[in-house]
Amino acid sequence: MLRLALQLRVSRGLLSRGLRTRSRGPIDDKDGKWTEFKRKLQVFWPGGSWEAFSGTIHLPPEHADVVIVGGGVIGWSVAYWLKRLEARNNTIRVLVVERDPTYSRASTVLSIGGIRQQFSVPQSVQLSLFSIEFLRNINEYLAVAGEPPLDIQFCPSGYLMLASEENASEMERNVKMQRQTGAKVCLLSPEQLKNKFPWINTEDVALASYGLENEGWFDPWCLLQGLRRKALSMGVCHSHGEVIELVSSVRPMVTSRGEQVNIKRINEVHVKMNSSLEYQPVGCAVVINAAGAWSGKLAELAGIGIGPPGTLQGTRLPVEPRKRYVYVWHCPQGPGLEAPLVTDISGVYFRREGLGGYYLGGCSPTEEDEPETEDLEVDHDFFQEKLWPHLAHRVPAFNSLKVQSAWAGYYDYNTFDQNGIVGPHPLVPNMYFATGFSGHGLQHAPGVGRAVAEILLNGEFSTIDLNVFSFSRFYQVEKVQENIII
Amino acid sequence: MAAPKALLRAGHPTWWGGGTLRTLSSQSNFGQGLNPSYDLDPNPGRNPQQGLMGSMASRFYDLEQFREWISRFWSWNLYRKNKVFSYTLKHYGPSVAAAHFVLTHGGAVRFQDQEWLFPQDKNQFLWNNHHFQKLPLEEVDASGCVINYYGLENLVFLPSLRSLRLCGCPYVDDWCLGRLHSLGSSLQELSLAGCPKVTERGLACLHHLRSLRRLDISNLPAVSDKGLTQILVEEMLPNCEVVGIDYADRLKLLSEDQRRVEEKAAAAVPGAPGGLMPT
Ligand SMILES: Cc1cc2nc3c(=O)[nH]c(=O)nc-3n(C[C@H](O)[C@H](O)[C@H](O)COP(=O)(O)OP(=O)(O)OC[C@H]3O[C@@H](n4cnc5c(N)ncnc54)[C@H](O)[C@@H]3O)c2cc1C
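No experiment lies behind these values; they were computed from the predicted model shown.

All right, on to the overall build of chain B then. A tally of helices and strands in chain B yields ten helices and nine strands. Here chain B holds 279 residues, and the buried ones make up 49% of them. Pairs at least 24 residues apart make up 66% of the contacts formed inside chain B by residues separated by at least 6 positions. Here chain B has roughly 14000 Å² of accessible surface; of this, 55% comes from carbon and sulfur atoms.

Moving on: the overall build of chain A. Each helix and strand counted, chain A has 13 helices and 17 strands in total. Based on the C-alpha atoms only, the size of chain A along its principal axes is roughly 85 × 70 × 45 Å. Relative to its full complement of 486 residues, chain A shows a buried share of 51%. Carbon and sulfur atoms provide 52% of the accessible area of chain A, an area that totals close to 23000 Å². Treating the 47 positive side-chain charges of chain A as one cloud and the 52 negative ones as another, the clouds have centres 12 Å apart.

On to the packing of helix α5 (residues 122-136) of chain A against helix α12 (residues 441-458) of chain A, then. Residue and element names in this part refer to chain A. At a minimum axis distance of 7 Å, the contact between α5 and α12 shows a crossing angle of 100°. Regarding the angle of α5 to α12, the classification is roughly perpendicular. Listed contacts from α12 to Ser124, Leu127, Ser128, Phe130, Ser131 and Phe134 of α5 are Gln443, His444, Pro446, Gly447, Val448 and Arg450. Its residues assigned to classes, the contact of α5 with α12 shows five nonpolar, six polar and one charged.

Residue and element names in this part refer to chain A. Taken together, 33 residues lie near the ligand, and Glu98, Ser107, Thr108, Gly114 and Gln443 sit nearest. Measuring from an oxygen atom of the ligand, one finds a backbone N or O atom of Ser107 at 2.9 Å. Coverage of the ligand by the protein chains reaches 98% of its 1000 Å² of free accessible surface. Put simply, the parts of the chain that give the shell around the ligand at least two residues each are α3 (73-85), β2 (94-98), α4 (107-110), β8 (237-254), β15 (402-414) and α12. Looking at the shell around the ligand element by element, the count peaks at four residues for β15. Of the residues belonging to the shell around the ligand, the class tally is 15 nonpolar, 14 polar and four charged. Of the domains in this structure, domain 1 (58-154 + 216-318 + 415-485) and domain 3 (324-410) are the two that each give at least three residues to the shell around the ligand.

This next bit is on the interface of chain A and chain B. Across the contact, 27 residues belong to chain A and 25 residues belong to chain B. With both chains or domains summed, chain A and chain B bury close to 2300 Å², and 60% of this area falls on carbon and sulfur atoms. When the area that chain A buries against chain B is broken down by residue, the three leading residues are Arg136(A), Leu337(A) and Leu355(A), summing to 29%. Along the contact surface separating chain A from chain B lie two salt bridges. Where Glu213(A) meets Arg179(B), a salt bridge forms, and the shortest distance between an N and an O atom there is 3.2 Å. Our count for the chain A to chain B interface comes out at nine residue pairs in polar contact (both at pLDDT 80 or more). Top contributing element to the side of chain A that touches chain B by residue count: α5(A), with four residues. When the residues that make up the side of chain A that touches chain B are grouped by side-chain class, the tally is eleven nonpolar, six polar and ten charged.

All names here are of chain A. Within the fold, Gly357 resides in the loop between β13 (349-352) and β14 (358-362). For Gly357 and His444, which are 87 residues apart along the polypeptide, the C-alpha to C-alpha distance reads 29 Å. In this view, Gly357 contacts Trp329, His330, Cys331 and Pro332; residues no more than four positions away in its chain are not counted.

Once that is clear, we can look at the state of the cysteines. Residues and elements named next belong to chain B. Tallying each qualifying case throughout the model produces zero disulfides over all chains. With no disulfide of its own, Cys169 has Cys195 as its nearest cysteine by sulfur position, at a separation of 5.2 Å. Looking at Cys169, the relative accessible area reads 0%, which means it is buried.

UniProt's entry tags residues 65-454 of chain A with the feature "domain: FAD dependent oxidoreductase" (unreviewed entry), counted in the numbering of this structure. What you have in residues 65-454 of chain A is 27% helix and 30% strand, and the ends, taken at the C-alpha atoms, are 15 Å apart.

All names here are of chain A. Pairing within the open sheet is mixed, and its eight strands lie in the order β5-β6-β4-β12-β13-β14-β11-β15. Of all strands in the sheet, those bounded by a partner on one side alone are β5 (185-188) and β15. With direction set aside, neighbouring strand axes in the sheet form an average angle of 20°. Sheet analysis places strand β4 (residues 159-163) next to strand β12 (residues 341-343), joined by three bridges and oriented parallel. Residue pairing across strands places Tyr159 opposite Leu341, the latter belonging to β12. Contacting β4, β5 and β6 (207-211), helix α7 (residues 168-181) runs over the sheet at an angle of about 155° to β5. Packed on one face of the sheet, helix α11 (residues 380-394) meets β4, β11 (319-330), β13, β14 and β15 and runs near 60° to β11.

Turning to unusual backbone geometry, a few remarks are in order. Among all residues except glycine, the phi angle is most often negative; among peptide bonds, the trans geometry is most common. Notably, Asn214(A) is not glycine yet its phi reads approximately 65°, a positive angle. Here Asn214(A) lies in the loop between β6 and β7 (216-217). Phi is positive for Asp113(B), close to 60°, though the residue is something other than glycine. With respect to the helices and strands, Asp113(B) occurs in the loop between β3 (108-111) and β4 (116-117). For Asp113(B), a relative accessible area of 67% corresponds to the exposed category.

Each value, and the rule that gives it
- Residues numbered from 1 in each chain as written.
- Chains lettered and ligands numbered in written order.
- Predicted model: local features only at pLDDT ≥ 70, side-chain atom pairs only at ≥ 80, totals over all residues.
- Heavy atoms only, no water.
- Helix = DSSP H or I, 4+ residues; strand = E, 2+ residues; numbered from the N terminus.
- Buried < 20%, exposed > 50% of the residue type's maximum accessible area, 1.4 Å probe, protein only.
- Contact = heavy atoms within 4.5 Å.
- Areas by Shrake-Rupley, 256 points an atom, 1.4 Å probe, with all protein chains shown as cover.
- Lys, Arg positive; Asp, Glu negative; His and termini not counted.
- Charge placed at Lys NZ, Arg CZ, Asp CG, Glu CD.
- Axes fitted to C-alpha atoms, helices over the stretch in contact; angles between N-to-C directions.
- Parallel < 35°, antiparallel > 145°, perpendicular 65-115°, else oblique.
- Nonpolar A, V, L, I, M, F, W, Y, C, P; charged D, E, K, R; others polar.
- Near = heavy atom within 4 Å.
- Polar contact = N/O pair within 3.5 Å; in protein donor to acceptor, adjacent residues only side chain to side chain.
- Domains from an automatic or database assignment.
- Buried area = accessible area lost by both parts, 1.4 Å probe.
- Salt bridge = Lys/Arg side-chain N within 4 Å of Asp/Glu carboxyl O.
- Disulfide = S-S within 2.5 Å.
- UniProt positions renumbered as here; feature names shortened; annotations may be inferred.
- Pairing = 2+ DSSP bridges.

The structure is reproduced here in structure tokens:
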């Protein structure tokens, strides 16, 4: 056997050497025809990329069990967890529909990539703790054989939140809850704060909370690509198009109290292909609304919120795009390597970006000042008027700084209570929500994806109980208010 | 005090034929000059897969699956090794548990007013653990051990740990450095020399270590801008002596370059005074 192999190798070696010794090879390829022919042959060779009916590769399949609308981090996370938790390999067919493969307007890639545990709702803290564990072991969760490992570039620098006299007791309460839930957060008095971070002006600060561990920022693009790569390798289909219509059937029913309700079922989604007027109907059993800032619109396509006000049918999904600016500035004298992400009393936040004295930050405008959301133009006056005064007050070194660049992105803003919506709609039971995270969706994506997959596959949450984030809270007007919104 | 000697095996045992037994000889020379250059391959022993296995796996699903199992086995094995020694912890307290953990993985420890304990002293140590139970653990040398984030859990609750050496640990990363904050009040010496996964992002959270007097961050291949990082770390820890070879290397390199520039300038303009001139 060995000898045979050796002989083969020797003879092959001789043969190829024999060919190579010719100066030009057997065919004189002056006009490049031979190369062209070889290329064609490669394409047509069995296993090549040629297909008899070309041009269907970009179309979605005619049927999928689960259609996920929105290929942002949440959409891909749901896809990944559905595949990961399915009982047997390849039992459910999952399709992710994303209209913009460049992600030019998706929040995921325009976010600043922060992860924190300082929330006012325990479920959010649990989600963050889950996510941080996910990120820490990302190469175990998202390893694809033969592909390089992911480098999530996590900066474990923590979040530092400042509170004024009025908010101090609330902060104390929140930190107590966070610590009970398992987060490593400590409270700092103004003196301790000054000791730890001498560059902060502690005037009008009454209390600060500081995350010691598992808080910081990471590379959102890496997480998105990692989830995508893994989900694709597990057999998830994807297609580039926009969902323009949801075809549903209606069944009138009567509740135990005698009210008439219409139970809807989505049977088909129509996917319009990019740069074409055609659409492709995709039969489906479940639709997942992970369209981020645009998920309110998608819900309307399913008739959610169209009905008499005050009824469940007339209750809108209160998620809309809100434009948020991020500015990058240079300040060589600014806070050093130890600088965490600081959120000021005024709501202004900033963090270090890299090593060279660069910082980035922003601020949520007041309700009256909300900018238009047609485009992603940046308002530079906003920095001068709303950001800089607070920055310079808190960190005197920021009195002299130079704005280098800026960008804007959309928060998937839940106007009701600034928290996510997870789970099915009561009247459209095959539309599941995973949206509305109002500026903390990126960090919760791993946990939310898992929660949606659990409730879809098993009918209940098993890892983290997210029943508080159900849609019915809008109808029952029970707020799950998130007070710490950055 | 003689430097602790640890001849250790790092990372995965080699498999698939190729590769030699990787050993790290970490003659600890904390602050005594150059550090030994460590083997900086983050995944020792796995490389052979890239060749034959890699190309085969891209053609056969079964092999791909097999490869995935193998890598899952390695990570499972790593986690198994890094379990918290909860039984020892419960019965003998954190110091003994930490010492047991470190000795098991081939590191060395020193209790207060005691000699260094090496891996070969483990049985004797376990025999006498009642004696050690009351003593605080002061120094740990886990250089080259397969310790990762979860294994570090064994060490971070030692109230009087003064010195921690993690030179050339293949799995010590930024997540681990984020975990060290609980040693903030006691830790005086820390060495991370030659840890292939440590970057400037993790070094940034060492500011929690308020009592740190000596920090060795030499030979960190994953740090992007070594000179700048060194300066920023020094600024962040004003009371701490930061040892970093790379910075000095860079300086030397720069001055050599400079000299060459000067020589050139001198050659081009005969009689011109040496030094940097605007051209
Ligand atoms: C400036 C800024 C800073 C932020 N900072 C943080 C932070 O520090 N930490 C944090 O956790 N979060 C942060 N966020 C929030 C975070 O980015 C979002 O919550 C999260 O990315 C939401 O993910 P998503 O997948 O739901 O949305 P997206 O990433 O927006 O994805 C939705 C996708 O759906 C597609 N889509 C919409 N409608 C349709 C349709 N009809 N058919 C097909 N496709 C459709 C869109 O093209 C889009 O790509 C920040 C956001 C912004 C804007």
